[in-house]
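Here's the letter readout for the chains.
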Amino acid sequence: EEPVVAMPTVSRVAVCGGTHGNELAGIYLVREMLKKRADGTEPVSVVTVMSNPRAAQLCVRYVETDLNRCFTRAALSAPVSETSPYEMIRSQELNALLGPKASAQAVDLLCDLHNTTANTGLCLITYSDRDWICLHICKHLQREMASTPVRYVHFDIPLNEAYSLDSVGKHGFAMEIGPQPHGVVRSVIFSAMQEGVQLMMDWICQFNSGTLFEGGWVDVYTMVKNIDYPRDSETHVITAAVHPNLQDRDFCLLHPGDPMFLCFSGETLRYRGKEALYPFFINEGAYYEKGVALSLARKRRVQIPSVRSETLR
Ligand SMILES: [Zn+2]
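As the structure is a prediction and not an experimental result, all values here were calculated from the model.

Notes on the coordination of the zinc ion
Surrounding the zinc ion are the protein donor atoms His20 (ND1), Glu23 (OE), Glu23 (OE) and His114 (ND1), which sit 2.0 to 2.4 Å from the metal. In terms of primary sequence, the donors binding the zinc ion are separated according to H-x2-E-x90-H. Residue histidine 20 is located in the loop between strand S2 (12–17) and helix H1 (24–35), and its partner histidine 114 is located in strand S4 (residues 109–115); the two are separated by 94 residues in the primary sequence. Judged by its relative accessible area of 4%, histidine 20 is buried.

Rendered as structure tokens:
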């Protein structure tokens, strides 16, 4: 008999959107959720947050600096003044509201809503490959979402250096859904996000009320490295686009020798790595400024235990 892991209830949940102000599915979902005022009968306390209201107002990713890189311990403890970048001030406000980061006072679960121009389907992006709450929510979404592929992506970074808003909660993930152009809302993507958030809330309510969730296996994609665009050695201007054989093939195994870029001169550049890996965030529009054409991940199966909440032991 497999042991059952008893875990604290997930009593306080934060759903955040607009951390990037031009990722519109999360922004409109948060606006929709803010219309429905709590009447005190909800089984779980949910705080709904527009993370970067100035950027959302302008429909830009950020105003001065990328908010979703401002949640490292260093950034959260840096002195700020009126002249600091808006997002540096805002990250500390959000940390005060929803944190302090990963402390006993922090929200139990923080779900931060994002969109990508890449063909990723729905990804839960986390900093842990052994967070049983996040992994069970992922398994639940995989079982219940018929028309959307759901994957678990793991960034192997220590919590101090974890830079994104979701790292403020005791448990947390970015719910990233694509493909959707920035500054655009597509109904299929919006509906998938709405369904993903509803299924997450359903799982939390069942978990809190004592339901036992059977263990099993979840595929975890651990980020290995980013690949930049080919660039001119002097001007650093990009000299190629993602190869058509690779475009939109997020999470399809990329083998050594497979086409990766098509140079504007007509030449095909191939993947030179020694190990077949899974590409994702292929040609993400917001990552041109970061020098990232795609990311590569290694997949492995992680065994997760059966869980239930501590209260009904
Ligand atoms: Zn985003």
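Topic: the packing of H1 against helix H6 (residues 187–208)
Each packed pair of helices is defined by two parameters, the angle between the axes and the distance between the axes. One way to put it is that H1 packs onto H6 with a least axis distance of 9 Å and a crossing angle of 55°. When the axes of H1 and H6 are compared, the pair comes out oblique. Crossing of H1 over H6 shows right-handed handedness. Each of Ala25, Gly26, Tyr28, Leu29 and Met33 in H1 lies in contact with H6, whose residues at this interface are Ile189, Phe190, Met193, Gln194 and Val197. Looking at the contact of H1 with H6, its residues break down into eight nonpolar, two polar and no charged.

Quick word on the domain arrangement of the protein
Domain boundaries assigned for the protein yield domain 1 (4–220 + 302–308) and domain 2 (224–297). Between domain 1 and domain 2, the C-alpha centre-to-centre distance is 27 Å. For the pair domain 1 and domain 2, the interface holds one salt bridge. Its salt-bridge partner being lysine 290, residue aspartate 66 comes within 2.8 Å of it at the nearest N-O pair. Where domain 1 touches domain 2, the interface holds nine residue pairs in polar contact (both at pLDDT 80 or more). Counting only elements with at least two residues in the side of domain 1 that touches domain 2, the list comes to strand S5 (121–126) and strand S6 (150–154).

Remarks on the packing of aromatic side chains
For the structure on display, the rule yields 10 aromatic pairs. Aromatic pair tyrosine 221 and phenylalanine 251: ring centres 4.9 Å apart, planes at 65°, arrangement edge-to-face. In this pair, tyrosine 221 sits in strand S8 (residues 216–227) while phenylalanine 251 sits in the loop between strand S9 (240–242) and strand S10 (259–263), placing the two residues 30 residues apart along the sequence. Phenylalanine 251 shares its class with tyrosine 221; the two are buried. Between the aromatic rings of tyrosine 229 and tyrosine 288, the centroid separation amounts to 4.7 Å while the plane-to-plane angle is 25°, which identifies the pairing as stacked. Highlighted residues: tyrosine 229 in the loop between S8 and S9 and tyrosine 288 in the loop between strand S12 (278–280) and strand S13 (294–304), separated in sequence by 59 residues. Of the residues examined, tyrosine 229 reaches a relative accessible area of 3% and is grouped as buried. A connected cluster of aromatic rings, assembled from ring pairs, spans Tyr221, Phe251, Tyr278, Phe280, Phe281 and Tyr287.

Concerning unusual backbone geometry
Following glycine 99, the chain continues into proline 100 via a peptide bond in cis, with omega recorded as 0°. Here proline 100 lies in the loop between helix H4 (86–98) and S4. Of note, the amide linkage connecting glycine 178 to proline 179 takes the cis form, showing an omega dihedral of 15°. Within the fold, proline 179 resides in the loop between strand S7 (171–178) and H6. We note that phenylalanine 281 has phi near 50°; this positive angle belongs to a residue other than glycine.

Points about the UniProt feature "binding site: Zn(2+)" (unreviewed entry) in the protein
The UniProt feature table records "binding site: Zn(2+)" (unreviewed entry) at His20, Glu23 and His114. The named residues occupy 95 residues along the chain; their greatest pairwise C-alpha distance, 7.3 Å, places them in one compact cluster. Along the chain, the position of glutamate 23 falls in the loop between S2 and H1. Here glutamate 23 is in contact with Arg61, His114, Asn115 and His182, once residues within four sequence places are set aside. Only 3.1 Å separates the side chain of glutamate 23 from the side chain of histidine 114, close enough to count as a polar contact. Here histidine 20 takes part through its side chain, which lies 3.2 Å from a polar atom of the side chain of histidine 114.

Description of the UniProt feature "active site" (unreviewed entry) in the protein
The UniProt record marks Glu176 with the feature "active site" (unreviewed entry), using the residue numbering of this structure. Looking at the element boundaries, glutamate 176 is found in strand S7. Residues contacting glutamate 176, with those up to four places away along its chain left out, are His114, Asn115, Thr116, Thr120, Gly121, Leu122, Cys123, Ile125 and Phe281. There is a polar contact of 3.4 Å between the side chain of glutamate 176 and the backbone nitrogen of asparagine 115.

As for the environment of isoleucine 125
You can see isoleucine 125 is positioned in strand S5. For isoleucine 125, a relative accessible area of 11% corresponds to the buried category. Placed 14 residues apart in sequence, isoleucine 125 and cysteine 111 show a C-alpha to C-alpha distance of 9.9 Å. Excluding its chain neighbours within four sequence positions, the residues that come into contact with isoleucine 125 are Val153, Phe155, Asp166, Gly172, Phe173, Ala174, Glu176 and Phe281.

Conventions adopted
Residues numbered from 1 in each chain as written. Predicted model: local features only at pLDDT ≥ 70, side-chain atom pairs only at ≥ 80, totals over all residues. Heavy atoms only, no water. Donors = N, O, S within 2.8 Å, 3.2 Å for Na, K, Ca; no water. Helix = DSSP H or I, 4+ residues; strand = E, 2+ residues; numbered from the N terminus. Buried < 20%, exposed > 50% of the residue type's maximum accessible area, 1.4 Å probe, protein only. Axes fitted to C-alpha atoms, helices over the stretch in contact; angles between N-to-C directions. Parallel < 35°, antiparallel > 145°, perpendicular 65-115°, else oblique. Left-handed = near helix turned anticlockwise from the far one by under 90°. Contact = heavy atoms within 4.5 Å. Nonpolar A, V, L, I, M, F, W, Y, C, P; charged D, E, K, R; others polar. Domains from an automatic or database assignment. Salt bridge = Lys/Arg side-chain N within 4 Å of Asp/Glu carboxyl O. Polar contact = N/O pair within 3.5 Å; in protein donor to acceptor, adjacent residues only side chain to side chain. Phe/Tyr/Trp six-rings, centres within 6.5 Å; stacked < 30°, edge-to-face > 60°. UniProt positions renumbered as here; feature names shortened; annotations may be inferred.

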